[in-house]
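Residue-level structural notes
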Amino acid sequence: MKTVLAETSRVPFAKQIEAIVASSSIVDIHTHLYDPAFKDLLLWGIDDLLVYHYLVAEAFRFLDIPYEEFWSLSKTAQADLIWDSLFLRHSPVSEACRGVLTTLHAFGLDVKKRDLPALRQWFGLQTVEQHVNRCLELAGIKKILMTNSPFDDFERPVWERGFERDARFVAALRIDPLLLSWPDTAPKLVRWGYQVELSSSPQKTFDEVCRFLSDWTRRIQARYVMISVPPDFEFPSRNIATQLLEKAVLPHCREHGLPFALMFGVRRAVNPQLKLAGDGVGLSNLSALQNLCAGFPENKFLVTVLARENQHELCVLARKFRNLHIFGCWWFTNVPILVDEITRLRVELLGLSFTPQHSDARVLDQIIYKWQHSRYVIAQVLVEKYSALAQTGWQISRDEIERDVKDLFGGAFEGFCGLK
Ligand code: FIX
Ligand code: ZN
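Rules used in this analysis
Residues numbered from 1 in each chain as written. Chains lettered and ligands numbered in written order. Predicted model: local features only at pLDDT ≥ 70, side-chain atom pairs only at ≥ 80, totals over all residues. Heavy atoms only, no water. Pairing = 2+ DSSP bridges. Helix = DSSP H or I, 4+ residues; strand = E, 2+ residues; numbered from the N terminus. Contact = heavy atoms within 4.5 Å. Axes fitted to C-alpha atoms, helices over the stretch in contact; angles between N-to-C directions. Buried < 20%, exposed > 50% of the residue type's maximum accessible area, 1.4 Å probe, protein only. Near = heavy atom within 4 Å. Polar contact = N/O pair within 3.5 Å; in protein donor to acceptor, adjacent residues only side chain to side chain. Areas by Shrake-Rupley, 256 points an atom, 1.4 Å probe, with all protein chains shown as cover. Nonpolar A, V, L, I, M, F, W, Y, C, P; charged D, E, K, R; others polar. Parallel < 35°, antiparallel > 145°, perpendicular 65-115°, else oblique. Left-handed = near helix turned anticlockwise from the far one by under 90°. 1 Å grid on protein atoms, 1.4 Å probe; cavity = no way out; pocket = protein on both sides within 12 Å on 5 of 7 lines; lining within 4 Å. Points joined across faces, edges and corners; volume = space filled by probe spheres on them.

1. Quick notes on the sheet that holds strand β2 (residues 26-28)
Ordered in space as β2-β3-β4, the three strands form an open sheet in which the pairing is parallel. The open sheet terminates on both sides in strands that have one partner only, identified here as β2 and β4 (169-170). Docked against the sheet, helix α17 (residues 366-390) engages β2 and β3 (141-145), running at close to 120° with respect to β2.

Put into structure tokens, the structure is as follows:
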């Protein structure tokens, strides 16, 4: 017989739901982490946590040294400056600062000592293998989707050489330069043996881009193809990106049964002096997405949007198109106040057919705080929604809650991708 959860059981209703959310394992569907075989490309440890670009942007609010001087420092010296300005001279209350402390606390480290050298010493004693296992276990993650770019000069040779895969790290093919900087990318494709020349032989070029995408999809065993686009992205339009998307990328995704992931709304290099920390946000015109979903019903689209103001329209579009799966509270929206608002909005408009969160972690250890903080907010939303059902007399079993949470934490994504 199924256990019906109720206020009357020994553990209160809310606590039972929170416990299920806290213990369900997760598929983290978008990160910037790497299979450990990529060696130094997999970032981890206290200094990488401190020089995370979210913290760099916050530290520059207080620092008055020139940008170039900061960038000329070693990673350790940059981390020292960030620790000093964001943790010692002011209280670390921002989401990204709090995240560092949540992570250290989860490792059993005593944050109140505020002893950076001692923290460095502790991390220095860990091995990567142990640390990967520990972080995945503390975060409750079973699979991590990477961001894999054939255009990255450090990453590409590792794939070309080949290595033994860690089954927990799954690939996603990232193609921003292909669509967004074609003039720089075309010569590279030619160098790599693909005969592309858009002006003289467009069809041949599209076929060759498809061949390039197929080669890389097979090589890395990609689960989806991904791009992030600026707020002024349009579809249809007469530009090269649109032609390549329509004639090469979407046919490729259809042929391989892969979703195409679009992240809308990033304004790159608003302040180039901040490097990776210098990107901003802008409102997108989601008609582009509507046109894609309507015009290509055989394609599947995985979508997140960066602007808070685009969130409602995105939910409404997902109600109209079942080839659209929405995911994550991306980057500047990954703060508790917005995770709460966006998750509620999605549950109220879509039920459970979406993926509320991804970590976007760039440093392995971050999966701990990103998921601990998100699990907490998601649990509160579910407690409220299940309680509202209980008030109507609807009874829900533990198995049903476990099923729902499993869907939210990767099951719905895998179903959408056709993986289960
Ligand atoms: O485009 C992306 O995948 C973004 O997530 C990154 O470019 C961004 O720098 C980031 O780390 C956001 O969390
Ligand atoms: Zn990302």
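The structure having been displayed, the exposition proceeds.
2. Considering the pairing of strand β6 (residues 225-229)
In terms of burial, β6 is a largely internal element, five of the five residues being buried. Across the two faces of β6 the burial is the same, with V225, I227 and V229 and M226 and S228 all buried. Taken together, the two bridges between strand β5 (residues 173-174) and β6 define a ladder with parallel strand orientation. Within β6, the residue paired with L173 across the bridge is V225. The pairing of β6 with strand β7 (residues 260-264) spans five bridges and is parallel.

3. A look at the site of ligand 1
Surrounding ligand 1, one finds H30, H32, H53, Y54, R174, S228, M263, R268, W330, W331, D360 and R362. The contact in question runs from an oxygen atom of ligand 1 to an N or O atom on the side chain of H32, over 3.1 Å. The separation between an oxygen atom of ligand 1 and a polar side-chain atom of R174 is 2.7 Å. Taking 330 Å² as the accessible area of ligand 1 by itself, protein coverage stands at 98%. Residues of the shell around ligand 1, tallied by class, amount to four nonpolar, four polar and four charged.

4. Notes on the packing of α17 against helix α18 (residues 398-417)
At a minimum axis distance of 12 Å, the contact between α17 and α18 shows a crossing angle of 135°. Considered as vectors, α17 and α18 are oriented oblique to each other. Considering the relative orientation of α17 and α18, their crossing is right-handed. Here W371, R375, I378, L382 and Y386 of α17 lie close against α18, whose contacting residues are I401, D404, V405, L408 and F409. Of the residues assigned to the contact of α17 with α18, the class counts are eight nonpolar, no polar and two charged.

5. Observations regarding the layout of surface pockets
Roughly 1,000 Å³ of internal volume is contained in the largest pocket. H32, Y34, H53, L276 and R362 are, among the 31 residues lining the largest pocket, the residues nearest its centre. At the level of secondary structure, the elements contributing two or more residues to the lining of the largest pocket comprise α3 (53-59) and α10 (176-180). Grouping the amino acids of the lining of the largest pocket by side-chain chemistry returns 15 nonpolar, five polar and eleven charged. Its boundaries defined by the atoms lining it, the second largest pocket holds a volume of some 300 Å³. As for the second largest pocket, its lining consists of 17 residues, and the residues nearest its centre are Y54, E58, A96, W331 and F332.

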